[in-house]
Amino acid sequence: MIDLRSDTVTRPTQAMREAMASAEVGDDVYGEDPTVNRLEKEAAAVLKREAAIFVPTGTMGNQIAIRLHTEHGQEVICEARSHVLDWEMATMASFSGCQPRTVEGDRGVLTWPKIRRAIGPKIYYRQPTGLICIENTHNMAGGTVTSLEVLEEIWSGARQAGLPLHLDGARIFNAATALGVDVAALTAGFDTVMFCLSKGLGAPVGSMLVGSAKAIERARIFRKALGGGMRQAGVLAAAGLIALQEMSKRLADDHANARLLAEAVANEASAEIDLQDVQTNIVIFSLRGEGDAVAFCAGLKQRGVLASAIGPHSVRFVTHYDVSRERCEEASAIVREQLKAL
């Protein structure tokens with residue numbers, strides 16, 4: 001099968017498997033796993049931060065950050081299709097006692113003028129804003145990228161407003177690759193940053209949350225509260241180290257493969273896609289005439305291509321290192337044939 005459902009489906013590289021098999025381990029809840037400690041140190045260094053913590057999932061990393069920055073009864077400003085809103089099981093409400101204040105971005109990109117209008121007034125009978133959360137790249141907008149210029153305006157505005165900023169950077173290395181900007185520079189103005197090792201970077205499990213030493217010390221409390229104490233987690237961290245050190249170097253290949261798929265879709269009258277939205281490794285398109293996305297994906301599966309129906313009429317492809325250029329070319333031909341048959 002050519003699996004384009006998500007970049008989470010990647011299998012560990014041979015180097016990762018060998019590193020996992022030989023990893024030095026200890027009990028990470030006691031802070032005694034040397035491989036986890038090394039991963040945390042290197043993740044903090046890459047983003048030029050004081051500290052980092054290894055967590056099982058990006059969702060956990062985001063929710064720890066929300067808890068760090070907020071108090072019960074506050075609002076979290078986030079984009080209207082953001083992951084923290086739609087795909088994290090309302091945990092900001094159940095764990096942090098916060099509600100989202102959504103803002104619709106242009107192609108998923110929030111700007112400071114839009115954020116500023118959503119900030120709650122400082123009056124005692126209205127819930128205050130506690131946190132601003134940005135997603136870069138933006139998954140449900142099709143992997144779109146927020147530029148450094150836009151981010152710098154957000155960072156400045158948030159500082160003046162006295163509000164903390166968290167980055168859901170699940171695919172921040174994809175954003176950095178697309179912009180040609182160092183990942184530390186692209187994340188410099190956020191109080192905390194979460195990024196995934198298990199998406200485009202290809203590790204089997206895990207994400208990182210980075211920030212100040214004080215914030216990460218508190219984050220350990222909330223990781224434990226969410227069941228994230230993983231004991232001999234060095235077996236996983238060993239793969240994470242390779243992901244962090246090596247796998248970002250090849251992300252441009254995934255972006256080029258996504259463009260190949262997107263252009264194949266754009267050539268067919270039965271599909272609707274805006275190629276300006278295809279900026280990284282995600283392709284989202286709609287079937288014209290209210291076409292059935294579930295049925296379309298089922299047809300692709302019968303022909304050896306796995307894709308995701310993300311709405312009644314919308315389909316998503318995600319490229320990754322497990323699917324080569326040749327396999328993407330093969331998938332493109334199958335997709336075009338399937339679209340012609342609609």
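The structure we're discussing is the one just above.
Note on numbering: residues in each chain are counted from 1, in written sequence order. Where local features are concerned, this predicted model is filtered to residues with pLDDT of at least 70; where side-chain atom pairs are given and counted, the filter is 80 or more; whole-chain, interface and lining totals use all residues. Only hydrogens and water are removed before side-chain values are computed, so all heavy atoms of the structure are retained for them.

Engineer: Would you explain the pattern of salt bridges in this entry?
Structural biologist: Close approach of charged atoms allows side chains with opposite charge to pair. Salt bridge criterion: a side-chain nitrogen from Lys or Arg within 4 Å of a carboxyl oxygen from Asp or Glu. The full count for this structure, using the stated rule, is 19 salt bridges. As a salt-bridge pair, Asp-277 and Arg-107 come within 2.2 Å of each other at their nearest N and O atoms. With Asp-277 in the loop between strand E9 (271-272) and strand E10 (282-287) and Arg-107 in the loop between strand E4 (99-103) and helix H6 (112-118), the pair connects residues that are 170 residues apart, well separated along the chain. Exposure is judged per residue with a 1.4 Å probe applied to protein chains only, and the accessible area is read against the type maximum: over 50% gives exposed, under 20% gives buried, and values in between give partly exposed. The partly exposed category is assigned to Asp-277, whose relative accessible area is 22%. Classification of Arg-107 as partly exposed rests on a relative accessible area of 28%. When the shortest N-O distance is used, the salt bridge between Asp-254 and Arg-250 registers 2.5 Å. Each of the two residues, Asp-254 as well as Arg-250, counts as buried. Residues joined by salt bridges that share partners form a network here, namely Glu-75, Arg-101 and Arg-126. Every helix listed is a DSSP run of H or I at least four residues long, and every strand listed is a run of E at least two residues long, numbered separately from the N terminus.

Engineer: Before we go on, may I ask you to explain the nonpolar core in this structure?
Structural biologist: Generally speaking, nonpolar side chains in soluble globular proteins are found buried as a group. Buried Ala, Val, Leu, Ile, Met, Phe, Trp, Tyr and Cys residues form a nonpolar core when they are joined through side-chain atoms within 4.5 Å. Counting 49 residues, the largest nonpolar core has Ile-132, Ile-134, Phe-173, Phe-195 and Leu-197 as the members making the most contacts within it. The greatest single-element share of this core, amounting to six residues, is contributed by helix H11 (residues 234-246). Between two residues, a contact is recorded if the distance between any of their heavy atoms is within 4.5 Å. Excluding residues that lie within four positions of it along the chain, Leu-197 makes contacts with Leu-39, Phe-54, Gly-202, Ala-203, Gly-206, Ser-207, Met-208, Gly-240, Ala-243 and Leu-244. Counting residues in each nonpolar core, the second largest holds 27 residues, with Leu-4, Ala-293, Val-305 and Ile-334 among its members.

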